Amino acid sequence: MSDSSPERSHGDGDRDRDHDGSADHTHENAERAEDRTVQLDVPGMDCPSCAAKVTNSVEKLEGVEGIDTRPTSGTLYTEYDADRTDPEAIADRVEAAGYTVEGPDAERTETLSIPAMDCPSCANKVANALDSVGAIAEYDLRPTAGKAVVTYDAGSSGRSAVIDAIETAGYEVTDTEGDAAGGATDDGTDDRSSVWGSPRAIETWISAAFLGVGILFAFVPGGQDVSLLSVPGGELLLGDAFMLVAIAIGGQIILRNGYYSAKNLSLDIDFLMSAAILGATGLSLFFAGASLYVEAASLAVLFNVAELLERYSVDRARNSMTELMELSPDRAVVRRDGEEIELDVEEVAVGERVLVEPGTKIPMDGEVVEGSSAVNQAPITGESVPVDKTPGEEVYAGTINEQGYLEIEVTVEASENTLSRVIEMVEQAQSNKTDREQFVERFAGYYTPVVVAFAIVTTLVPPLFLGGAWVTWFVRGITLLVLACPCAFVISTPVSVVSGITSAAKNGVLIKGGDHLETMGEVEAVAFDKTGTLTKGELAVTDVIALNDNTESDVLRCARGLEERSEHPIGDAIVGRAAERDVGERSVADFEAITGKGVRADLGGTTHYAGKPDLFEEVGFDLDHVHPTTDGGVVLEETERQCADGEAGNCLDLLEETIPRLQAEGKTIVLVGTDEELEGVIAIADEVRPDARVAIEGLHEAGLRTVMLTGDNDGTAKAIAERVGVDDYRAELLPDEKVEAIEDLTEEHSTVAMVGDGINDAPAMATASVGVAMGAAGTDTAIETADIALMADDLSKLPYLYTLSRRANGVIRQNIWGSLGAKAILAIGVPFGYVSVVLAVLAGDVGMTVLVTGNAMRLSRITPDRTGDTNTDTEQT
């Protein structure tokens, strides 16, 4: 696919290079003009009939201005309005006609694994290299995952051009699907072995051994450090020679990476360390009295140790995402042509039957067609109790079949199942940077140049103007160069975000960006939709009051006969309860719906009614004087009085007592009876979720205000609000009025979360500071549109979500200010001689990297059952 617009070029002027020092970069070609022409190669379009089919398909696309088909060359030229369509849409129409687009410039998107790209500085070097590839449409670098998502012009550039650019920056691409290809990374680590057994680690240990021997010779009493030869800087002693070997072995990878940094004009730690090692070694060899072999060798060894520790720490964060990927099996047993065969899940087609034995993981999303079992859905929804699955019910890949045998009909391909989408979104979440992360990246852009300038001043000014010793102040300048690297505090936020997001995903909460994690931790108020959120969203019978010697089964049997032909949800609820109780059926004739009041039908030859109290008052019943059926002497409280006729007994005043009480509880009332006898009262309501009140109480304990927003009437809204315990409610709201309510709450509380079903509450959720969708595991829309998705209908996860987010913000603050403070203290101490090169590397680089990543990984210990454990989990600061 090629764009023949004359404005298209690949020069510096037409590419967006403003990366803002970001760890994650998105690079896009800007639109140049409204009208363009795209050329597509369609090899299968080789006759006039083929051309006609392609034309008919493409011309249906809005925005297409002209079509020129050339079947002899298999080429299609399409003029289009760039504001209304694009080449991808045109190619889709060609494929819809049954032809494959194989244009020389067809775009392709790949995820490349770059294990050694583990910090923002590394990402900047890769970004600079990718900018030089003109055929790249866009890219997204994710250093915390060690991946790059690149969309490129497959024909004119190809995958090799992209990989060559990345390797030019000094980083090796291992594979497009994880690390299947294995191989060594740019820093010498091997993906097939541990960090500490990698080639770089081995070189570091050898270098450290030579450094240790050299130090022994240099400081052994008795003059054992003999002279080997003379160099311009003086005598080269045996200890110095050992240290030079240590520099050569340990420094080669550093100098190589420093070369790539210089080549890509990147003022990063590799360049700074290379300059420091080369400077110290050069002075020692060529300037008399400047023996800095120990400093140079120590830098080479300790910096390698720091890099290995950083890799180990970042891998811990990456492993948390890898654990998600390992939840789903790679293989599935499928029945084909009467035979059971085992295949890779990618080879299983939609509609095929997958066989799942007890105790094994379900490999594909699908619907149970045979068998029944309890399925542990914790890997997807975070539910602690297995869920019973029977034919017709949905199951998810990665969940565990606990007991019975299941046959499942596959409903989506492996790459599109729920778990795959969760994993993809967790990885994409790194692209949405928190405000603190953006601040740190901006700060880092100033920090390194300022400290480097300070190092130069420290090196030159005292010897030139204050009579200081050159060697002493050069060493102090090198020490400041070590502290100029901002890696520890730049990486502090990404690793915290990855740890928090992956921890949430394992517990059934999908957070779709670090910015949403940060915002959720700052929420002051939480708004809830009622139907489907605080309630189950399904009407159910809650009360059956039998009257005049009828039983509950009698009432349900008559109500079932009356409501079976009704299409109203209330009727469905009554029929459902009757079926559950297996009360039997009655013959129905002459069914009639009485608009706005109820229904009428003949049951066994007798006319029956079911409907509102008004209907029965019209029939002539005295609703303030009825006799309930008792069961063992247990009667309703309001029945404990004498009847109006003076006889002792149990009477109900439906109009003044029973009906108002039930309606106050948010229930809808249906009376059942004949022309002569009132048989019973049925109350129907949208049931409150059993975990709703617990969730509200948890949020109250966290100090948050809770508000319910609903379009239901005020009476029902008040009843539900009192039952779940929210602070306030607003009823009879239209969708746009819910948006206004969220805006009002935001003015009052600054940061507001909206919890809904992710579909009909989309406007209000979009208006809120952060939108949280319920039950996203089975809802594509909720997963795609919400900022945060609860994979199960489990409101009890909300206090956990808030606690995790709040503590993540605390960890990020601790990491940022702790690392900055440590570097500031060390930098101040350098000019006074209090901080050596070794201390700067150990405390300012190695130590802080280990501390910030270790602190971030503590977020993985927070679970829904331990959110209140303040003794072991990080508190907000």
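Going by the structure above, here's the rest.
Some details on the overall build of the protein
Step number 1: Along the protein, the regular secondary structure elements total 26 helices and 31 strands.
Step number 2: Intrachain contacts of the protein at a sequence separation of at least 6 include 67% that bridge at least 24 residues.
Step number 3: When the accessible surface of the protein is totalled, it reaches about 36800 Å², and 50% of it is carbon and sulfur.

Focus on the sheet that holds strand 11 (residues 339-344)
Step number 1: Ordered in space as 11-10-12-18-13-16, the six strands form an open sheet in which the pairing is antiparallel. One side of each edge strand has no neighbouring strand; the edge strands of this open sheet are strand 11 and strand 16 (394-395).
Step number 2: Where strand 13 (residues 366-370) meets strand 16, two bridges bridge the pair, whose relative direction is antiparallel. Directly across from Glu367, in strand 16, lies its bridge partner Glu394.

Quick notes on the pattern of salt bridges
Step number 1: Considering all chains together, one arrives at 23 salt bridges under this definition.
Step number 2: Among the ionic pairs, Asp270 bridges to Lys125, the shortest N-O distance being 3.1 Å. Of the two residues, Asp270 sits in helix 7 (residues 269-286) while Lys125 sits in helix 3 (residues 120-130), which places them 145 residues apart along the sequence.
Step number 3: Judged by its relative accessible area of 6%, Asp270 falls in the buried class.
Step number 4: Ionic pairing is found between Arg693 and Glu697, a salt bridge with its closest N-O pair at 3.5 Å.

Regarding the packing of helix 5 (residues 199-219) against helix 6 (residues 238-263)
Step number 1: With their axes 7 Å apart at the nearest point, helix 5 and helix 6 run at an angle of 155° to one another. With respect to each other, helix 5 and helix 6 are oriented roughly antiparallel. Handedness of the crossing formed by helix 5 with helix 6: left-handed. On helix 6, the residues that touch Arg200, Glu203, Ile206, Ser207, Phe210, Leu211, Val213, Gly214, Ile215, Phe217 and Ala218 of helix 5 are Leu238, Gly239, Phe242, Met243, Val245, Ala246, Ile249, Gly250, Gln252, Ile253, Ile254 and Asn257.
Step number 2: Here the residues of the contact of helix 5 with helix 6 sort into 15 nonpolar, six polar and two charged.

Describing the packing of aromatic side chains
Step number 1: Applying the stated criterion to the full structure yields seven aromatic pairs.
Step number 2: Between Phe217 and Phe242 the ring centres are 5.5 Å apart and the planes differ by 5°, which places this aromatic pair in the stacked class. Here Phe217, found in helix 5, pairs with Phe242, found in helix 6; they are 25 residues apart in sequence, far enough to count as distant.
Step number 3: Taking relative accessible area as the criterion, Phe217 reaches 25% and is therefore assigned partly exposed.
Step number 4: Three or more aromatic residues joined by ring pairs form one cluster here, namely Phe439, Phe443, Tyr447 and Trp817.
Step number 5: The lysine or arginine in question, Arg476, covers the ring of Trp473, its NZ or CZ lying 4.5 Å from the ring centre.

Looking at the environment of Leu820
Step number 1: Structurally, Leu820 is set in helix 25 (residues 797-829).
Step number 2: Overall, Leu820 belongs to the buried group, its relative accessible area being 13%.
Step number 3: Distance from Leu820 to Val490, taken between C-alpha atoms, is 9.8 Å for residues 330 residues apart in sequence.
Step number 4: Among all residues touching Leu820, those that are not within four sequence positions of it are Phe443 and Phe489.

A short note on unusual backbone geometry
Step number 1: You will see that Asp582, though not glycine, has its phi angle at about 50°, which is positive.
Step number 2: One non-glycine residue, Asp590, lies in positive phi territory at about 55°.
Step number 3: For Asp590, the location among the structural elements is in strand 22 (residues 588-594).
Step number 4: For Asp590, a relative accessible area of 59% translates into the label exposed.

Examining the pairing of strand 25 (residues 668-674)
Step number 1: With six of its seven residues buried, strand 25 lies for the most part within the structure.
Step number 2: For strand 24 (residues 606-611) and strand 25, the ladder comprises four bridges, and the chain directions are antiparallel. By the bridge assignment for strand 25, His608 is matched with Thr674.
Step number 3: Where strand 25 and strand 26 (residues 678-688) come together, six bridges link them in antiparallel fashion. Looking at the pairing, Val672 lines up with Gly680 of strand 26.

Remarks on a nonpolar patch on the surface
Step number 1: A surface patch of nonpolar side chains, about 920 Å² in accessible area, is lined by Phe454, Ile456, Val457, Leu460, Val461, Leu464, Phe465, Leu466 and Trp470.
Step number 2: For the nonpolar patch, the leading source of residues is helix 11 (residues 435-465), giving seven residues.
Step number 3: By secondary structure assignment, the location of Val457 is in helix 11.
Step number 4: Of the residues examined, Val457 reaches a relative accessible area of 45% and is grouped as partly exposed.

Comments concerning the sheet that holds strand 26
Step number 1: Reading across from one edge, 21-26-25-24-23-22 is the order of the six strands in this open sheet, with antiparallel pairing throughout. With one partner strand each, in any of the chains shown, strand 21 (535-546) and strand 22 form the two edges of the open sheet. Mean inter-strand twist for the sheet, computed between neighbouring axes without regard to direction, equals 20°.
Step number 2: In terms of strand pairing, strand 21 meets strand 26 through eight bridges, oriented antiparallel. The residue bridging Val541 from the neighbouring strand is Ile684, located in strand 26.
Step number 3: In this fold helix 17 (residues 569-581) packs onto strand 21, strand 25 and strand 26, with an angle of close to 65° to the strand it touches most, strand 21.

Comments concerning a negative patch on the surface
Step number 1: Among the surface-exposed residues, Asp736, Glu737, Glu740, Glu743 and Glu747 lie close enough to one another that they form a single negatively charged patch.
Step number 2: In this structure, Glu743 sits in helix 22 (residues 735-749).

Reading the values: the criteria
Residues numbered from 1 in each chain as written. Predicted model: local features only at pLDDT ≥ 70, side-chain atom pairs only at ≥ 80, totals over all residues. Heavy atoms only, no water. Helix = DSSP H or I, 4+ residues; strand = E, 2+ residues; numbered from the N terminus. Contact = heavy atoms within 4.5 Å. Areas by Shrake-Rupley, 256 points an atom, 1.4 Å probe, with all protein chains shown as cover. Pairing = 2+ DSSP bridges. Salt bridge = Lys/Arg side-chain N within 4 Å of Asp/Glu carboxyl O. Buried < 20%, exposed > 50% of the residue type's maximum accessible area, 1.4 Å probe, protein only. Axes fitted to C-alpha atoms, helices over the stretch in contact; angles between N-to-C directions. Parallel < 35°, antiparallel > 145°, perpendicular 65-115°, else oblique. Left-handed = near helix turned anticlockwise from the far one by under 90°. Nonpolar A, V, L, I, M, F, W, Y, C, P; charged D, E, K, R; others polar. Phe/Tyr/Trp six-rings, centres within 6.5 Å; stacked < 30°, edge-to-face > 60°. Lys NZ or Arg CZ within 6 Å of the ring centre and 35° of its normal. Patch = residues over 30% accessible without salt bridge, like charges linked within 9 Å, V, L, I, M, F, W, Y side chains within 5 Å. Lys, Arg positive; Asp, Glu negative; His and termini not counted. Charge placed at Lys NZ, Arg CZ, Asp CG, Glu CD.

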